[in-house]
Amino acid sequence: MKPIWMVILLLGFSLNATAQFGETQAKGAYSLALAGADVNATNVYSLFSNQAGLSQSEGLEVMITGVQINSIVELTDLSLGIVIPTQSLGNFGIAVSNYGFAEFNEQIIGLGYGRQLGSFLAIGAKFNLVRTSIQSFGASTYGTVEVGLQSQVVDQVMFGFHVQSPVSVTVVNNQQAPTKLSAGLSYLPTDKLSVTVEGSKYIDGDFTASLGIDYRIIDILSLRVGAATNPGLFSAGLALHLQDIYRIELGISFHQVLGMTPGISVVYSGLPRSEKS
């Protein structure tokens, strides 16, 4: 193996606890700015975090995202998410991502689904087809599954739960796509403010606690901050709302050892059918 890219892999995987096989890092500037406290995300954001949130989409949504992990060019992750709502069958989503460089590359194509069940419960799932290629070890194509739910437990409080890879899958060189559990509560006192506390854990890894705050301070601008443990980091970001249809979002996280991870998203949220002329 080449020393240069071996060092990159060590930085990107051994030290960065958020980097795992079969998991896109480009979840969007929204998730990045909230330090990963996204288990109660809705609309197109939820395609990469908790697919139950897809049930809240009322119009076509598209998100293009780029994240440069630890500011290393070779660890750039690009993703595209599309949400297609239906009137009676629930909402569908398509997610595509590409991560890495010539010596290590991972591509993911996912099909997601979210549906509202009654007034207080939404469920969702996603199937991912993953291709991982590591020079000197070869390539492997495999499938993973994600399932989740979101529920309004009391007025202004949402609960979210998500499982990634409930059944462990063998990838390249006998490595496993690990199981990850996430759960969190979001307090939404108004439609402009959300505060989310989340806990997540890989089955064989450390427990991570995250806090994220999203505040739409004025019609055109949202400010976001977050913090997390294991790895310990702080994050921040903003979103520019253009005519409530387009958004330009920026996010950045600061790791005490590995430095900063910047990300950008461009989001299109189409009008609900009822509002279209």
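The model shown is predicted, which means the values in this text are computed figures rather than measured ones.

A.B. asks: Looking at this structure, how should I read unusual backbone geometry?
C.D. replies: Phi is mostly negative for residues that are not glycine, and the peptide bonds are mostly trans. That bond from Asn230 to Pro231 is cis: its omega, 5 degrees, falls within 30 degrees of zero. Relative to the elements of secondary structure, Pro231 occurs in the loop between β13 (221-228) and β14 (233-242). Backbone geometry at Gln243 places phi at a positive 65 degrees, although glycine is not the residue there. Looking at where Gln243 falls in the secondary structure, it is placed in the loop between β14 and β15 (246-255).

A.B. asks: When you look at the environment of Ala35 in this model, what are you seeing that I'm missing?
C.D. replies: Take Ala35: it is sitting in the loop between α2 (29-33) and β1 (61-68). For Ala35, a relative accessible area of 12% gives the class buried. For the pair Ala35 and Thr229, spaced 194 residues apart in the sequence, the C-alpha separation amounts to 9.3 Å. Every residue in contact with Ala35, bar those within four places of it in the chain, is listed here: Ser210, Leu211, Gly226, Ala227, Ala228, Leu233 and Ser235.

A.B. asks: I'm lost on the side chain of Thr196 in this one. Help?
C.D. replies: Mapped onto the fold, Thr196 is located in strand β11 (residues 193-202). Within the structure, Thr196 has its side chain in polar contact with the side chain of Ser186 (distance 2.7 Å). When sequence neighbours within four positions are dropped, the list of residues in contact with Thr196 reads Ala37, Leu185, Ser186, Ser210, Leu211 and Gly212.

A.B. asks: So what exactly am I meant to see when it comes to the nonpolar core here?
C.D. replies: Considering soluble globular proteins, one finds that nonpolar side chains tend to be buried as a cluster. Counting twelve residues, the largest nonpolar core consists of Tyr30, Leu34, Ala41, Val44, Tyr45, Leu47, Phe48, Leu54, Met63, Val83, Ala95 and Val267. Those residues in contact with Tyr45 that lie beyond four places of it in its chain are Tyr30, Met63, Arg224, Arg247 and Glu249.

A.B. asks: So what exactly am I meant to see when it comes to the packing of aromatic side chains here?
C.D. replies: Aromatic ring pairs are described here by two measures, namely the spacing of the ring centres and the angle between the planes. Taken as a whole and judged by the stated rule, the model has four aromatic pairs. Ring geometry for Phe92 and Tyr113: centres 5.0 Å apart, planes at 55 degrees, overall tilted. Of the two residues, Phe92 is situated in strand β3 (residues 91-100) and Tyr113 in strand β4 (residues 104-117); the sequence distance between them amounts to 21 residues. Consider the rings of Tyr99 and Phe104, whose centres lie 6.1 Å apart with planes at 80 degrees: the pair is edge-to-face. Neither residue differs from the other here; Tyr99 and Phe104 are each classed as buried.

A.B. asks: Please clarify how the side chain of Thr261 should be interpreted in this entry.
C.D. replies: Here Thr261 is to be found in strand β16 (residues 259-269). By relative accessible area, which is 8% here, Thr261 ends up buried. Within the structure, the side chain of Thr261 is placed 2.8 Å from the backbone nitrogen of Asn70, a separation counted as a polar contact. Other than its neighbours up to four places away in sequence, Thr261 contacts Leu32, Val67, Gln68, Ile69, Asn70, Gly251, Ile252 and Ser253.

A.B. asks: In this structure, what is going on with the environment of Lys126? I would like to understand it.
C.D. replies: Along the chain, Lys126 turns up in strand β5 (residues 121-134). Between the C-alpha atoms of Lys126 and Gln51, which are 75 residues apart in sequence, the distance is 6.8 Å. Sequence-distant contacts of Lys126, defined by excluding residues within four places in its chain, comprise Leu47, Phe48, Gln51, Ala95, Gly110, Leu111, Gly112, Thr144, Val145 and Glu146. A polar contact of 3.1 Å, which involves the side chain of Lys126, links it to the backbone oxygen of Leu47.

A.B. asks: Looking at this structure, how should I read the layout of surface pockets?
C.D. replies: The method is simple in principle: a probe with the dimensions of a water molecule rolls over the atoms, and the space it marks as empty is what remains. When its volume is computed, the largest pocket comes out at roughly 1,300 Å³. Every residue lining the largest pocket is counted, 43 residues in all, and those nearest its centre are Thr42, Asn43, Tyr45, Gln56 and Asp191. Of all the secondary structure elements, the ones that give two or more residues to the lining of the largest pocket are β5, β6 (138-154), β10 (180-190), β11, β12 (207-218) and β13. Each residue belonging to the lining of the largest pocket can be placed in one class, and the counts come to 13 nonpolar, 19 polar and eleven charged.

A.B. asks: Can you walk me through the environment of Leu223 in this structure?
C.D. replies: With respect to the helices, strands and loops of the structure, Leu223 is situated in strand β13. When the C-alpha positions of Leu223 and Leu193 are compared, they lie 9.8 Å apart, and in sequence the two are 30 residues distant. Ignoring sequence-local partners within four residues, the contact set of Leu223 consists of Ile213, Asp214, Tyr215, Ile217, Gly237 and Leu238.

A.B. asks: Would you mind showing me how to read the pairing of β15 here?
C.D. replies: The two faces of a sheet get side chains in turn, since along a regular strand they alternate between them. Only one face of β15 is buried, namely the one carrying Arg247, Glu249, Gly251, Ser253 and His255, since none of Tyr246, Ile248, Leu250, Ile252 and Phe254 on the opposite face is buried. Linking β14 back to β15 in an antiparallel pair, the connection comprises three residues, with Gln243 at a positive phi of about 65 degrees. Bridge analysis of β15 against β16 gives ten bridges, and the strand direction is antiparallel. Bridge assignment links His255 to a residue of β16, and that residue is Gly259. The hairpin turn running from β15 into β16, its antiparallel successor, is three residues long.

Thresholds, definitions, all that
Residues numbered from 1 in each chain as written. Predicted model: local features only at pLDDT ≥ 70, side-chain atom pairs only at ≥ 80, totals over all residues. Heavy atoms only, no water. Helix = DSSP H or I, 4+ residues; strand = E, 2+ residues; numbered from the N terminus. Buried < 20%, exposed > 50% of the residue type's maximum accessible area, 1.4 Å probe, protein only. Contact = heavy atoms within 4.5 Å. Polar contact = N/O pair within 3.5 Å; in protein donor to acceptor, adjacent residues only side chain to side chain. Core = buried A, V, L, I, M, F, W, Y, C linked by side-chain atoms within 4.5 Å. Phe/Tyr/Trp six-rings, centres within 6.5 Å; stacked < 30°, edge-to-face > 60°. 1 Å grid on protein atoms, 1.4 Å probe; cavity = no way out; pocket = protein on both sides within 12 Å on 5 of 7 lines; lining within 4 Å. Points joined across faces, edges and corners; volume = space filled by probe spheres on them. Nonpolar A, V, L, I, M, F, W, Y, C, P; charged D, E, K, R; others polar. Pairing = 2+ DSSP bridges.

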